[in-house]
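Structural overview for review
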Amino acid sequence: MKSAIQYIQSVFTDVANIENANFNNIPIYLFEKFSFTNFELLGNKCILAEYKEKQELFIDTISKDLKQINRFTNRYPVFVFEGLRLKQRESLISSKIPFVVPETQIYIPYPPISLSEFEARERVETEKFKKSTQVIFAYLLLNDIDTINAHRLAEQLGYSVTTANRALNELVDKGVLLQSSNGTRKKYTIPSKKEYWEQGKQFLFNPITDSFLLLKSNVSIGDERLLKSGDTALCEYSDHFDENTNYEKHYACYTNDFHELHKHGYPKTIELSMSSFVCVESLVYNPALLSKDDKIDAVTLYAQYLDKHDERAEIALDEIMEEIING
């Protein structure tokens, strides 16, 4: 890193200045991967990033790292490499990835990519999880799994290896999981449960797609297709809610089961639903994959309240998740 700084200052005399380090916003997993130095070049806020361990040069991986560093620092990342072959340098340049090879080459394209362009990319990055990714995100957290690979995950959830791979790669792309190689298979690791949850929860989506009313007399308590959901589940998870309060009873089921149950149901607009009916909600993924009893899991429950703006429920859900994270 020192030789890279000296080289930049020798090339850009009087216009390259080292700045005080302020890395408070950078997550631990990036610190484990890189050494950083802040600097200003021609009025632009930049950051030197050097891999702590020797890496195979994959342009897609470096591009993703570039986005993550910019996201957490709002600076223009410049990668430091101790040595690059000609073809490797050409690949970086064709992909417009800034880099420094001390005493050999500096490539920092100007005008630099503006933050507004990165913010446009960030809006794409913050798109919600795909449904299988949300299931896998919740499954790893709820089952205290620190390290996994696609084959083992596929076996545990009944997904194809391809689906598991895509979901795990999406979690890596969104900065939720760390990826490494374990022989011929990729290995995925959670940096810490707290960091994993804080980074991943922003990508959760409400899995409810539809609902209808079912007569209470038609609800079989032992029906494995129906899991307590919404306020009904929250009453069991949290002391803030009393199950004896006159809440409308909510149950959730997988979309495939929903269509069968719907044949015996009524429109949600029917009157006096609270006293005579329960609300059955359709979920885009099978809640039984994550549930360990007769109610939906805490992550799915958290996601159900994302667009309800219920402050009391939000406080209770944060406490529930904090307890899960802290074990």
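Heads up: the structure comes first, above all this text.
Quick summary incoming for the structure in this document. Along each chain, the written sequence defines residue order, and numbers are assigned to residues from 1. Totals for whole chains, interfaces and linings use every residue, but because this is a predicted model, local features are given only for residues with pLDDT of at least 70 and side-chain atom pairs only at 80 or more, for both listing and counting. With hydrogens and water set aside, each side-chain value is computed from the structure's full complement of heavy atoms.

1. A few points about the packing of aromatic side chains
Aromatic pairs are defined between Phe, Tyr and Trp rings, using the six-membered ring for Trp, whenever the two ring centres lie within 6.5 Å; interplanar angles under 30 degrees are classed as stacked, those over 60 as edge-to-face, and all others as tilted. All told, the structure shown has 14 aromatic pairs when counted by the stated rule. Ring centres 5.7 Å apart and planes at 35° place the aromatic pair Phe 34 and Phe 36 in the tilted group. Both residues of the pair, Phe 34 and Phe 36, count as buried. Pairing Phe 129 with Phe 203 gives two aromatic rings, centres 5.5 Å apart and planes at 45°, and the pair type is tilted. With Phe 129 in the loop between helix H5 (115–125) and helix H6 (131–142) and Phe 203 in the loop between helix H9 (193–200) and strand E10 (208–215), this residue pair connects regions lying 74 residues apart in the sequence. Exposure is judged per residue with a 1.4 Å probe applied to protein chains only, and the accessible area is read against the type maximum: over 50% gives exposed, under 20% gives buried, and values in between give partly exposed. The helix and strand labels rest on DSSP assignments: H or I over at least four residues marks a helix, E over at least two residues marks a strand, and numbering proceeds from the N terminus.

2. Here's the deal with helix H8 (residues 161–173)
In a helix, the anticipated span is given by 1.5 Å times the number of residues less one. In this model, H8 (13 residues) spans 18 Å end to end at C-alpha, consistent with the 18 Å of a helix rising 1.5 Å per residue. Residue contacts follow a heavy-atom distance rule, with two residues in contact if any of their heavy atoms lie within 4.5 Å. In this structure, the buried side of H8 is in contact with H6, strand E7 (147–148), helix H7 (150–157) and strand E9 (185–189). Directly after H8, the chain includes Gly 175, whose backbone phi takes a positive value near 75°.

3. Quick word on helix H11 (residues 255–262)
Listing the buried residues of H11 in full gives Thr 255, Phe 258 and Leu 261. Down the axis of H11, the buried set is contained in an arc of 115°. They therefore lie on one face. In H11, the exposed positions that point more than 90 degrees away from the buried face belong to Asn 256 and His 259. The elements touched by buried residues of H11 are E10, strand E12 (250–254) and strand E13 (277–283). The reported arc concerns the directions from the helix axis to the C-beta atoms and nothing else.

4. Notes on the packing of H6 against H9
Lines fitted to C-alpha atoms define the axes here, with helix axes fitted over just the stretch in contact, and angles between the N-to-C directions of these axes take values from 0 to 180 degrees. Viewed as axis vectors pointing N to C, H6 and H9 meet at an angle of 160°, and their least axial separation amounts to 11 Å. With respect to their mutual orientation, H6 and H9 come out roughly antiparallel. Here H6 and H9 pass one another in a crossing that is left-handed. Contacts between H6 and H9 involve Ile 136, Phe 137, Leu 140 and Leu 141 from the first element and Lys 193, Tyr 196, Trp 197 and Gly 200 from the second. An angle counts as roughly parallel when it lies under 35 degrees, as roughly antiparallel when it exceeds 145, as roughly perpendicular when it falls between 65 and 115, and as oblique in every other case. When the near helix sits turned anticlockwise from the far one by under a right angle, the crossing is termed left-handed; a clockwise turn instead gives a right-handed crossing.

5. A word on the sheet that holds E13
Paired strands, as defined in this entry, are two strands with at least two bridges between them according to DSSP. Judged by pairing direction, the sheet is mixed, and its four strands sit side by side in the order E10-E13-E12-E11 without closing on themselves. Single-partner strands in this sheet number two, and they are E10 and strand E11 (227–228). Bridge count between E11 and E12: two bridges; the pairing is antiparallel. In the sheet register, Lys 228 faces E12, and the bridge partner there is Tyr 251. Where H11 meets the sheet, its contacts fall on E10, E12 and E13, and the angle it forms with E12 comes to roughly 115°.

6. Brief notes about the pairing of strand E2 (residues 34–41)
Successive side chains on a regular strand alternate, one facing one side of the sheet and the next facing the other. Counting buried residues along E2, six of its eight residues qualify, which places the element largely inside the surrounding structure. Of the strand pairs in this sheet, strand E1 (residues 16–18) and E2 are connected by three bridges, and their pairing is antiparallel. Bridge pairing links Asn 17 to Glu 40 in E2. Pairing between E2 and strand E3 (residues 44–51): eight bridges, direction antiparallel. Looking across to E3, one finds that Phe 34 is bridged to Tyr 51. Adjacent in sequence and paired antiparallel, E2 and E3 are bridged by two residues, among which Leu 42 carries a positive phi angle near 55°.

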